[in-house]
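# Understanding the architecture of this molecule
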Amino acid sequence: MDDEGIIRLYWDRDETAITETSKKYGKYCFSIAYSILNDHEDSEECVNDTYTKVWNSIPPKKPSILSAFIGRIVRNLALDQYKRKTAQKRGGNTMDVILDEIGEIASDVSSPEDQLSHQELADMINDFLSSLPIEKRVMLVRRYWYADDIKSIASRLGVSENTVSVSIRRLRIKLRDYLRSRGYEL
């Protein structure tokens, strides 16, 4: 079933919408959750929570790109679950490293007057990503959206782990400088 049909099922409050979503996006959702949580049971739970959240979100929302809408929900739920699980202890796993790396670029600021809106920030990051060559864009998205480790990114792109590691570090610096040049205070 195509995305329009699935969205229509949600709008009609037809419970087969969840079944169709699971058929089409179940593996996609699980891969996002598992790359963050590294636990099969927690990832399954996160995927199930995603279906509930999608059910409660459509309507009133009508996503233009269903895969991105669902991907964002599962990613956010997985990150929330990860934070809850690691609130008392911090290890050296991939998610800790990724969160530390991204923390170098953007800090958590509570005062909206001091920062641009989330949408403006997202637009700036999208502009930055679209200016990159495909390989560099893939590196950043695989690392910070899908939470892939350096080894799997290198394997996917057919380059060395060192190439990926150095490129990602340089791209983080470029992104930080890009955001600063557009008025985003870090």
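These notes cover the structure that comes with them. Bear in mind that the values here come from a model prediction, so they are computed numbers and not experimental data.

## Thoughts on the packing of helix α7 (residues 134–144) against helix α9 (residues 161–181)
In the contact formed by α7 and α9, the axes pass within 10 Å of each other and the chain directions differ by 90°. Put simply, α7 runs roughly perpendicular to α9. Residue-level contacts link Lys136, Met139, Leu140, Arg143 and Tyr144 of α7 to Val164, Ser167, Ile168, Leu171 and Arg172 of α9. Considered class by class, the residues forming the contact of α7 with α9 number 6 nonpolar, 1 polar and 3 charged.

## Considerations on helix α8 (residues 150–157)
Turning to α8, its buried residues are Ile150, Ile153 and Ala154. Taken end-on, α8 shows its buried residues confined to a sector of 100°, consistent with a single buried face. Across from the buried face of α8, at angles greater than 90 degrees, the exposed residues are Lys151, Ser155 and Arg156. Downstream of α8 by a residue or two, glycine 158 has a phi angle that is positive, lying close to 70°.

Reading the values: rules and limits
- Residues numbered from 1 in each chain as written.
- Predicted model: local features only at pLDDT ≥ 70, side-chain atom pairs only at ≥ 80, totals over all residues.
- Heavy atoms only, no water.
- Axes fitted to C-alpha atoms, helices over the stretch in contact; angles between N-to-C directions.
- Helix = DSSP H or I, 4+ residues; strand = E, 2+ residues; numbered from the N terminus.
- Parallel < 35°, antiparallel > 145°, perpendicular 65-115°, else oblique.
- Contact = heavy atoms within 4.5 Å.
- Nonpolar A, V, L, I, M, F, W, Y, C, P; charged D, E, K, R; others polar.
- Buried < 20%, exposed > 50% of the residue type's maximum accessible area, 1.4 Å probe, protein only.
- Arc of directions from axis to C-beta.

Limitation: the analysis is restricted to geometry and does not speak to function.
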